[in-house]
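A look at the structure
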Amino acid sequence: MAAMASSSSSSNFFFIFFLVLCLKITAKKTYIVQMKHQDKPLSFETHHDWHSSSLQSLTDSPPESLLYSYTEAFNGFAASLNEEQAESLSKSESILGVYEDTVYTLHTTRSPQFLGLDADLGLWATGGSTQASEDVIIGVLDTGVWPESKSFDDSGMPEIPSKWRGECESGPDFGPKFCNKKLIGARSFSKGYRMAIGGGINKKPKEIDSPRDKDGHGTHTASTAAGSHVAYASLLGYASGIARGMATRARVAAYKVCWETGCFGSDILAGMDRAIRDGVDVLSVSLGGRLAPYYRDTIALGAFAAVEKGIFVSCSAGNSGPTRATLANVAPWIMTVGAGTLDRDFPAYAVLGNKIRYNGVSLYSGRGIGKKPVGLVYNKDNNTFGNLCLPGSLKPASVRGKIVVCDRGTNARVEKGGVVRDAGGVGMILANTADSGEELVADSHLLPAVAVGRKTGDLIRKYAQSNPNPTAKLVFGGTVLNVRPSPVVAAFSSRGPNMVTPQILKPDVIGPGVNILAAWSEAIGPTGLVKDTRKTKFNIVSGTSMSCPHISGLAALLKAAHPDWSPSAIKSALVTTAYTRDNTNSSLRDAADGSLSNPWVHGAGHVDPQKALSPGLIYDITTKQYISFLCSLDYTIDQVKTIVKRPNITCSKRFKDPGELNYPSFSVLFGDKRVVRYTRELTNVGPARSIYKVAVDDPSSVGISVRPRTLVFRHIGEKKRYSVIFVAKRTRRGSTARSEYGSIVWGNAQHQVKSPVTFSWTFL
């Protein structure tokens, strides 16, 4: 009997093993295939024909297995393959690499005035740059667009620029009639998404395959970058006023690459590929993924092709702060944007039964819970996670009719309010923990709710647990302007150092990203929850997703004012003119704990578009210099070719150190060295016969020597080089500091061209 059982178990094992092996062979995934572009035989009229033929001949795949054929952003294609087919493809001499598709995530009015962009008499109206921006096209890769929004009204707009080669895609709920002279194009890319959810590209997805925005995120970012003026805008009465984007006369093209389960690399690359062909001038990408080498980073690959063609690419830094080294989108050819606060707030208060009033924020717009205090409860039970207010964690018997204290974290802030309401609670105090510190983000909650910082939260939690009959009431204060201090760096904003290339300082800058009012999709409520049946034309949202399109719009204005500037020149202008002091004339602070911020948190500082219009000097970077940078990394020639898409790359010229790139900031990694030498080149974009002198701010642990100390520019467009030597000093105990900060400023009476400098002795 034992022998029979053993034999049966062995048979079952081999059957299961065979079944798993078959599933592994037959299960299909999306792969991105890198081709040797120059190897295309003359017998094929197009690269698409060659890609299709190569796929079928090497893998015996049906024609529909080819999902996308890329020609602009990437040399290759995306295909639906099983592991055996992918392995077969990778052995072909005409193929550089085969990579499995990756998923990326979204990084989720008053800001124009806060940035100094006056709607009527602003600096941008001088010299005709406002009108010139009508020729600038911003491509937004996101969740699509809600075309009926007044933010995309085209009143007074001239004809669409002749360079535009895009279209307004037809779909079940979308069509050419929804586009106009403002929203000039809309496309959707869903093949990677459809493969990921199972069933292949022929299976009908849950979401309608069209550019229409059912999420709200894409509409919000597009209108932030270039929304038209809309009077009487607000979120249910909050932040009322005129809503407008940064570049109100620029054109918008929406590329829907994000769906309910994420944004897939194959779709993102297809969107970037199409945007480049369509003729956009700026790409705004408010999404990101895990860090990877540049040759494996879909966004970095597409962005390199775009920048090479003169397209400025702005990306969000990510919302994983305040933890160190959490940045996304760190390639040096990308503008990486962190988030800061505005000088506008939405105060709300929690008044406890002991008569102490604590400050918080809220966007709740309902009836409230009256003026009388009600019971307060904090469910600190590790077995049920009631303190986090997770779905199903609250017992109705203990919270019914009461205000519930919920710890921030794990699930969405607005979802916690829904959990409290469903359990019978009448209000919520959302209390920060150590992870979110003192940062306050306002939300349009489903029930009366106030968000408070960690220190206040600890006091409220202590009161709720120690008082035998704790009570509270909630009070809402509406909208308040001219808040001080501001800006403050958002706690959620991802921070450096740059873990892919530590010699490149990231983020580059911060922009407004907290409590931003912009257009919204009417297909979803302001919280984004299914149970939220409210409809609003505008919403207030926070995230580096919101700061990114601010910089995209500013780049469009700079492009209009200086059409001959390269993407790196525009980046340089924004970086070297950024400021690091708030409206109290104090150094920028970090919302996480109120401490002083630093360049790994805010980059060069907060953007100042007025000064960026006339920066005086710029650090320009050519494609050739980017190639020398890539060759200085530990990449193979084929990996460099994956990024650069040129067949004749030899890396005969390379930097000794990646930090030699002519970047507008410095990130010095000493490692086992005590001396680091770099050379930079400045181009005069100010008046002829300009003279600049250098000023150095060096920490006690590092000496900075710049030669020459004076630069004389006789002509506009003239270039001058300078060298800088960084010397690490020994401390008294013979060790060195972990990290320090400084700056190098070239200045005269008209301009201050400032480069932040970070110093580190170890990789982290």
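Predicted model only: the values in this text are computed from it and were never measured.

About the criteria used
- Residues numbered from 1 in each chain as written.
- Predicted model: local features only at pLDDT ≥ 70, side-chain atom pairs only at ≥ 80, totals over all residues.
- Heavy atoms only, no water.
- Helix = DSSP H or I, 4+ residues; strand = E, 2+ residues; numbered from the N terminus.
- Rg over C-alpha atoms; globule rule 2.2 N^0.38 Å.
- Buried < 20%, exposed > 50% of the residue type's maximum accessible area, 1.4 Å probe, protein only.
- Areas by Shrake-Rupley, 256 points an atom, 1.4 Å probe, with all protein chains shown as cover.
- Domains from an automatic or database assignment.
- Polar contact = N/O pair within 3.5 Å; in protein donor to acceptor, adjacent residues only side chain to side chain.
- Contact = heavy atoms within 4.5 Å.
- Pairing = 2+ DSSP bridges.
- 1 Å grid on protein atoms, 1.4 Å probe; cavity = no way out; pocket = protein on both sides within 12 Å on 5 of 7 lines; lining within 4 Å.
- Points joined across faces, edges and corners; volume = space filled by probe spheres on them.
- Nonpolar A, V, L, I, M, F, W, Y, C, P; charged D, E, K, R; others polar.
- Lys, Arg positive; Asp, Glu negative; His and termini not counted.
- Salt bridge = Lys/Arg side-chain N within 4 Å of Asp/Glu carboxyl O.
- Disulfide = S-S within 2.5 Å.

**Some remarks on the overall build of the chain**
Regarding its fold elements, the chain presents 18 helices and 37 strands. Computed over its C-alpha atoms, the radius of gyration of the chain comes to 27 Å, within 12% of the 27 Å expected for a compact globule of 764 residues. Projected onto its principal axes, the C-alpha coordinates of the chain cover approximately 90 × 80 × 70 Å. Classification of the 764 residues of the chain by burial places 59% in the buried group. Roughly 30,500 Å² of accessible area belongs to the chain as shown, and the carbon and sulfur atoms make up 52% of that amount.

**Description of the domain arrangement of the chain**
Taken domain by domain, the chain consists of domain 1 (29–100), domain 2 (112–343 + 486–613), domain 3 (347–476), domain 4 (617–621 + 662–760) and domain 5 (623–653). Computed over C-alpha atoms only, the centres of domain 1 and domain 3 are separated by 54 Å.

**Re the side chain of N662**
Mapped onto the secondary structure, N662 falls in the loop between α18 (637–644) and β30 (666–669). Of note is the side chain of N662, whose polar atom sits 2.9 Å from the backbone oxygen of D620. At 2.7 Å, the side chain of N662 and the backbone nitrogen of E681 are in polar contact. Once residues lying within four places of it in the same chain are set aside, the contact partners of N662 are Y619, D620, I621, R680 and E681.

**Looking at the sheet that holds strand β33 (residues 702–707)**
Pairing is antiparallel in the open sheet, where four strands are placed in the order β29-β31-β35-β33. Because the sheet does not close on itself, it has two edges, and the strands there are β29 (617–618) and β33. Note that β29 and strand β31 (residues 675–684) share two bridges and pair antiparallel. Looking at the pairing, L617 lines up with N684 of β31.

**Some details on the layout of surface pockets**
There is about 630 Å³ of room inside the second largest pocket. Contributing to the lining of the second largest pocket are 24 residues, with D345, E438, L440, V483 and V488 lying nearest its centre. Contributing elements (two or more residues each) for the lining of the second largest pocket: β17 (344–345), β18 (347–352) and β19 (357–361). Among the elements that take part in the lining of the second largest pocket, β19 stands out by supplying three residues, more than any other. Counted by class, the lining of the second largest pocket contains ten nonpolar, seven polar and seven charged residues.

**Comments concerning the side chain of R251**
Note on placement: R251 falls in strand β10 (residues 251–256). Buried and unpaired, R251 has D135 as its nearest opposite-charge partner, separated by 5.2 Å. Within the local environment of R251, its side chain forms a polar contact with the backbone oxygen of E134, the two atoms lying 2.7 Å apart.

**So, the state of the cysteines**
Inspection of every chain in the model, using the stated rule, returns four disulfides. A sulfur-sulfur separation of 2.0 Å characterises the disulfide bridge that pairs C389 with C406. The sign of the -85° torsion about the S-S bond sets the C389-C406 disulfide as left-handed. Of the two residues, C389 sits in the loop between β20 (374–377) and α10 (396–399) while C406 sits in strand β21 (residues 403–407), which places them 17 residues apart along the sequence. Once the disulfide-bonded cysteines of the chain are ranked by sequence position, their pairing pattern turns out to be 1-2, 3-4, 5-6, 7-8. The thiol of C315 is unpaired, and the distance to the nearest cysteine sulfur, on C548, comes to 6.0 Å. The buried category is assigned to C315, whose relative accessible area is 0%.

**What about the pairing of strand β6 (residues 137–142)?**
Within β6, six of the six residues are buried, leaving the element largely enclosed by the surrounding structure. Residues I137, G139 and L141 point to one face of β6 and I138, V140 and D142 to the other, with burial holding for every one of them. By the bridge criterion, six bridges tie β6 to β10 in an arrangement that is parallel. Across the sheet, L141 pairs through a bridge with Y255, a residue of β10.

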